[in-house]
Amino acid sequence: MRTGPAVADATHLLEGTGPPGPRAAAAGPPAQRATWAEVDVAAIRANTAWLRARSNAPALLAAVKADGYGHGLEIAARAAVAGGADWLGVALVEEGAALRAAGIDVPVLLFAEPPVAAIPALLDAGLTPAAYSPAFLAALDAAAVARGGPPVGVHLKLDTGMRRVGVPPADWEDALRRVRAAPGLALDGLWSHLAVADEPGHPFTVQQAAAFRRGLALARGLGLAPRLAHLCNSAATLTLPDEHHDLVRPGIALYGLDPGGGLTAGTPLRPALALYSRLSLVKRLAAGEAVSYGLRWTAARATTVGTVPAGYADGVTRALTNRGMVLVNGRERPMVGTICMDQLLVDLGDDEARVGDEVVLLGEQGGRRVSAEDWASRLGTITYEVATSIGARVPRVPVRA
Ligand SMILES: *Cc1c(COP(=O)(O)O)cnc(C)c1O
């Protein structure tokens, strides 16, 4: 599983931290760091291809915002494009500009209006903006006209019920007329976003989908022909085949993670992100000894405790204190004591364990798996937050490219 060329290239940089763990020779960080994330490029590529083939829409936009959901912006974008993604989606102008700087030239949709001051950068990068407010539409039109050249394609976002961003229904006609009248703008897309797609069968989704169809009909009635109508995130791509329109917009499922509700169960989607470390110190504790800040865990009996050089600054959130689980030498071992910024402790019982042994924080070892879904359920959150919380200082090592 973990023997891609990038790994082989990186092994010579491994820190000599003692005897290797079971698969230590096959992987390692690209720097002198005992904590690293591996990103399975083939998994993102295959997940993208599967979703695109399964969808009723002729095109797929891969959401790569937030550093490719924590997988690395460029790694995720290239893998998705290799898997057939026609578009990429980002939250910020700087994310889109970073894609362009990396030489990625597929169409990029900006999911929300940036501040007006970002319009020049947006146009320089050739991004396609979401638009919904009269002020932004006017500023974008003026900037596009001032630059000359063809009109700038916009994706007008209709609020069909999420009440976050988008044009509220009472203003749909006005917004459509504004775009139609703007010499610097062209209506490339019309779109919306679902609030409860991760709860299949929810009546609110039916209402939103119907509202979106009304918006499309309104646009057509005004003589507008948006090239791309789109509504579906991962959950809706998996569960609402009749609402795919011209483009689906999955994010989390591309990374093989569940949007919630177990929607990826039984699919070939597989997780791309793994988080590894190595034991940096191993010591014996006597019964009654406590560990870490606040002394919040006490050994009930004599035991071996290992130190792992990964902490909340690496994305192992402090809420996992006395709740998280890792894999060491093929066995599940609990995180014990307060998670620190840079380190955490694990109870190894009476196992033989040595400095340098591989610790799996997310991923597989010895046929067992710790998943982002496990973390999410322990923490009362969602896989999205687990993945995007992996710290910027954790090197992302692409494997199986
Ligand atoms: C993030 C995002 C998506 C992708 O959502 P997933 O639930 O990750 O599939 C799609 N559309 C918009 C507008 C988004 O912000």
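Above this text sits the structure in question.
Quick caveat, the model's predicted, so the values are computed rather than measured.

Here is what the cut-offs are and how they apply
- Residues numbered from 1 in each chain as written.
- Predicted model: local features only at pLDDT ≥ 70, side-chain atom pairs only at ≥ 80, totals over all residues.
- Heavy atoms only, no water.
- Helix = DSSP H or I, 4+ residues; strand = E, 2+ residues; numbered from the N terminus.
- Rg over C-alpha atoms; globule rule 2.2 N^0.38 Å.
- Contact = heavy atoms within 4.5 Å.
- Areas by Shrake-Rupley, 256 points an atom, 1.4 Å probe, with all protein chains shown as cover.
- Near = heavy atom within 4 Å.
- Polar contact = N/O pair within 3.5 Å; in protein donor to acceptor, adjacent residues only side chain to side chain.
- Nonpolar A, V, L, I, M, F, W, Y, C, P; charged D, E, K, R; others polar.
- Axes fitted to C-alpha atoms, helices over the stretch in contact; angles between N-to-C directions.
- Parallel < 35°, antiparallel > 145°, perpendicular 65-115°, else oblique.
- Left-handed = near helix turned anticlockwise from the far one by under 90°.
- Salt bridge = Lys/Arg side-chain N within 4 Å of Asp/Glu carboxyl O.
- Buried < 20%, exposed > 50% of the residue type's maximum accessible area, 1.4 Å probe, protein only.
- 1 Å grid on protein atoms, 1.4 Å probe; cavity = no way out; pocket = protein on both sides within 12 Å on 5 of 7 lines; lining within 4 Å.
- Points joined across faces, edges and corners; volume = space filled by probe spheres on them.
- Pairing = 2+ DSSP bridges.
- Core = buried A, V, L, I, M, F, W, Y, C linked by side-chain atoms within 4.5 Å.
- Domains from an automatic or database assignment.
- Phe/Tyr/Trp six-rings, centres within 6.5 Å; stacked < 30°, edge-to-face > 60°.

A. Structural context of the overall build of the chain. A count of helices and strands for the chain gives 12 helices and 20 strands. By the compact-globule yardstick of 21 Å for 401 residues, the chain fits well, its C-alpha radius of gyration being 24 Å. With the C-alpha coordinates aligned to their principal axes, the bounding extent of the chain is approximately 75 × 45 × 40 Å. For the chain, the proportion of contacts with a sequence separation of at least 24, taken over those separated by at least 6, is 66%. For the chain, the accessible surface area stands at approximately 16,100 Å², while carbon and sulfur atoms represent 55% of it.

B. Local environment of the site of the ligand. With respect to spatial proximity, 13 residues lie near the ligand, and among them K65, Y69, S234, G251 and Y384 are the closest. Take S234: an N or O atom from its side chain is 2.5 Å from an oxygen atom of the ligand. One of the side-chain N or O atoms of R249 is found 2.8 Å from a nitrogen atom in the ligand. A per-class count over the shell around the ligand returns seven nonpolar, four polar and two charged.

C. Quick peek at the packing of helix 8 (residues 172-181) against helix 9 (residues 203-221). One can describe the packing of helix 8 onto helix 9 by two numbers: an axis separation of 10 Å at closest approach and a directional angle of 40 degrees. Here helix 8 is positioned oblique relative to helix 9, judged by the angle of their axes. As helix 8 runs across helix 9, the sense of the crossing is right-handed. Seen from helix 8, the contacting residues are W172, E173 and L176; seen from helix 9, they are A211, R214, G215, L218 and A219. Grouping the amino acids of the contact of helix 8 with helix 9 by side-chain chemistry returns five nonpolar, one polar and two charged.

D. The pattern of salt bridges, seen in detail. As enumerated under the stated definition, the model contains 17 salt bridges in all. A salt bridge links R284 to D350; the nearest nitrogen and oxygen atoms lie 3.0 Å apart. Here R284, found in strand 11 (residues 281-285), pairs with D350, found in the loop between strand 17 (344-349) and strand 18 (358-365); they are 66 residues apart in sequence, far enough to count as distant. D350 gets classed as exposed once you look at its relative accessible area, which sits at 54%. Here E364 and R369 are joined by a salt bridge, their closest N and O atoms 3.1 Å apart. Classification of E364 as partly exposed rests on a relative accessible area of 32%. On the basis of relative accessibility, which here comes to 35%, the residue R369 falls in the partly exposed class. Connected through salt bridges with shared partners, the residues R33, D314, D342 and R393 form a single ionic network.

E. Examining the layout of surface pockets more closely. Reported here for the largest pocket is a volume of approximately 520 Å³. In this structure, the largest pocket is lined by 25 residues; those nearest its centre are K65, R164, H193, N233 and Y384. Broken down by class, the residue content of the lining of the largest pocket amounts to 16 nonpolar, four polar and five charged.

F. How the structure looks around the sheet that holds strand 9 (residues 247-248). Spatially, 2-3-4-5-6-7-8-9 is the arrangement adopted by the eight strands of the closed barrel, whose pairing is parallel. Two elements, strand 2 (residues 59-63) and strand 3 (residues 87-90), share three bridges in a ladder whose sense is parallel. Opposite A63, over in strand 3, you have G89 as the bridge partner.

G. Main features of the nonpolar core. One finds L156, V316 and L361 to be the most contacted residues of the largest nonpolar core, which totals 118 residues. Looking at which element gives the most residues to this core, the answer is helix 4 (residues 73-82), with six residues. Split by domain, this core shows at least three residues from each of two domains, domain 1 (5-20 + 41-255) and domain 2 (273-399). With near-sequence residues (within four places) excluded, L156 lies in contact with A131, Y132, L137, V167, A175, L176, V179, L187, G189, L190 and W191. Within the second largest apolar cluster, seven residues are counted, among which are L285, V291, V305 and V336.

H. Inspection of the packing of aromatic side chains at higher detail. The final tally for this structure, using the stated rule, is four aromatic pairs. Judged by centre distance (5.4 Å) and plane angle (35 degrees), the ring pair of W36 and Y276 falls under tilted. With W36 in strand 1 (residues 36-40) and Y276 in strand 10 (residues 273-278), this residue pair connects regions lying 240 residues apart in the sequence. Grouping residues by exposure puts W36 and Y276 together as buried.

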